[in-house]
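Each chain is listed here by its residues.
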Amino acid sequence: MTVSLQALMDFPIPEARQTVTARDAILYALTVGYGAAPLDPAHLQRLQEHDLRPTPTLANVIAHAGSWMKDAGVNWQRLVHSEHRLTIHRPLPLDIPLKSHSRMLSVVDRGPEKGMFATFERTILTQAEETPVATIVQTNACRDDGGCGSAGTPPEPLAPLPDRKPDANLAIVVPEDAALLYRLNGDLNPLHSDPDYAALAGFKRPILHGLCTFGHAGYAIGKTLGTNDIADVGVIAARFTAVVFPGDRLEFDIWRESHDIRFRARVPARAVTALDYGTARLA
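It should be emphasised that the depicted structure is a prediction, and the values quoted were computed from it without experimental measurement. (Residues numbered from 1 in each chain as written. Predicted model: local features only at pLDDT ≥ 70, side-chain atom pairs only at ≥ 80, totals over all residues. Heavy atoms only, no water.)

### Some thoughts on the environment of Ile136
In this fold, Ile136 is placed in strand S5 (residues 132–142). Judged by relative accessible area, which is 1%, Ile136 ranks as buried. Taking C-alpha positions, Ile136 is 14 Å from Pro154, a pair spaced 18 residues apart along the chain. In this view, Ile136 contacts Ala59, Asn60, His84, Arg85, Leu86, Phe120, Glu121, Arg122 and Ile124; residues no more than four positions away in its chain are not counted. (Helix = DSSP H or I, 4+ residues; strand = E, 2+ residues; numbered from the N terminus. Buried < 20%, exposed > 50% of the residue type's maximum accessible area, 1.4 Å probe, protein only. Contact = heavy atoms within 4.5 Å.)

Set out below in structure tokens:
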């Protein structure tokens, strides 16, 4: 059954609320690379309650509205994350009630056999003052929902990467239990934990959350470009172009372009690029 374009565009995405604790921030940091050097002060400032410095990409998992696209009629089992853009407006506060407001931005239909791209925006604010904390623009590839028509205005395309050798590289081996740990941040989609469910979705085994790879990108950029610590990103965006499996070795290529940072993440063993068209700025 074809999803209703109008119903999807008008779907009342639920408001979500969350108060982020130190435990939330530490758990998230551990799942995206912090802790790989447990004696390094730059890692420990993300992993200990005293003077804790939350990781910027933690905003991606805060006050999330959950699997609302399934409720809107999209085939949830065949949905994958296609593109993600995060803008940090202020450091993520701890122990302060937060909320999120979300709205659909666009649907780009590719036809009945090719699926569609659905883009929505989520803004995280403080509950009391409604001070913006972060804005997220997420595009999902809905692989079984083409033929519904297009609507709205999609985001401007991300720019291609520089045609020159990267200025820096960093390799990270994704732990075998990475998806099982990352799901504790709130994304309990069985695609990342249940082998039978992953097989029905067309994958040989559970795949890593795209936002886990994205979080590792924020870590790689901060570690590579920080001076005496791991720098914070203020803006980061990328396109998901191939799945990552727990146990994969990720190689991040990073370019400096004036104030902008460009990046990608490759899995050399499978000759694929997992994150492409990456762009970022330090906070």
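This is not the end of the story, as more comes after the structure.
### A look at the nonpolar core
Nonpolar side chains tend to gather and get buried jointly when the protein is soluble and globular. Ranked by size, the top nonpolar core spans 55 residues in total, and within it Leu58, Ile62, Ile124, Ile221, Ile236 and Phe263 carry the most contacts. The leading source of residues in this core is helix H7 (residues 210–225), at eight residues. Excluding anything up to four places from it in sequence, Ile124 contacts Ala59, Ile62, Leu98, Lys99, Ser100, Thr131, Pro132, Val133, Ala134 and Ile136. Residues Trp76, Met104, Met116 and Cys142 belong to the second largest nonpolar core, which totals 19 residues. (Core = buried A, V, L, I, M, F, W, Y, C linked by side-chain atoms within 4.5 Å.)

### Things to note about the state of the cysteines
Throughout this description, disulfide means a covalent bond between two cysteine sulfur atoms. Taken as a whole and judged by the stated rule, the model has zero disulfides. Cys148 provides the cysteine sulfur closest to Cys142, a residue in no disulfide bond, and the two sulfurs are 8.3 Å apart. Owing to a relative accessible area of 15%, Cys148 belongs among the buried residues under this scheme. (Disulfide = S-S within 2.5 Å.)

### What about the pairing of strand S7 (residues 168–173)?
The alternating pattern of S7 places Ala168, Leu170 and Ile172 on a buried face and Asn169, Ala171 and Val173 on a face that is not buried. Where S7 and strand S9 (residues 249–257) come together, six bridges link them in antiparallel fashion. Looking at the pairing, Val173 lines up with Arg249 of S9. (Pairing = 2+ DSSP bridges.)

### Some details on the packing of aromatic side chains
One pair of aromatic rings is described through two measures. These are the centre distance and the angle between the planes. Tallied over the full model, the rule gives five aromatic pairs. Geometrically, the ring pair formed by Tyr34 and Tyr219 is edge-to-face, given 4.9 Å between the ring centres and 70° between the ring planes. Of this pair, Tyr34 sits in the loop between helix H2 (22–31) and helix H3 (41–44) while Tyr219 sits in helix H7; the two residues are 185 residues apart in sequence, bridging distant segments of the chain. By relative accessible area, which is 6% here, Tyr219 ends up buried. Taking the centre distance of 5.2 Å and the plane angle of 85° together, the rings of Trp68 and Phe120 count as edge-to-face. Of this pair, Trp68 sits in helix H4 (residues 68–71) while Phe120 sits in strand S4 (residues 116–126), and the two are 52 residues apart along the sequence. The class of Phe120 is buried, set by a relative accessible area of 4%. Positioned above the aromatic ring of Phe245 is the side chain of Lys204, whose terminal nitrogen or guanidinium carbon lies 5.0 Å from the ring centre. Above the ring of Tyr277, the side-chain terminus of Arg239 is found at 4.1 Å from the ring centroid. (Phe/Tyr/Trp six-rings, centres within 6.5 Å; stacked < 30°, edge-to-face > 60°. Lys NZ or Arg CZ within 6 Å of the ring centre and 35° of its normal.)

### What to know about the pattern of salt bridges
Counted under the stated rule, the structure contains 18 salt bridges. Residue Arg164 is joined to Asp167 by a salt bridge in which the shortest nitrogen-to-oxygen separation is 2.9 Å. Assessed through its relative accessible area of 36%, Arg164 is described here as partly exposed. Here Arg266 and Glu251 are joined by a salt bridge, their closest N and O atoms 3.2 Å apart. On the criterion of sequence distance, the pair formed by Arg266 in strand S10 (residues 260–267) and Glu251 in strand S9 is long-range, its members being 15 residues apart. Arg266 sits in the partly exposed class, given a relative accessible area of 22%. Judged by its relative accessible area of 21%, Glu251 falls in the partly exposed class. (Salt bridge = Lys/Arg side-chain N within 4 Å of Asp/Glu carboxyl O.)

### Remarks on unusual backbone geometry
With a phi angle near 55°, Asp51 is a residue other than glycine that sits in the positive phi range. With respect to the secondary-structure elements, Asp51 resides in the loop between H3 and H4. With relative accessibility at 61%, the residue Asp51 sits in the exposed group. Of note, Ser258 is a non-glycine position whose phi angle comes to about 60°, a positive value. By the element assignment, Ser258 lies in the loop between S9 and S10. For Ser258, a relative accessible area of 62% puts it in the exposed group.

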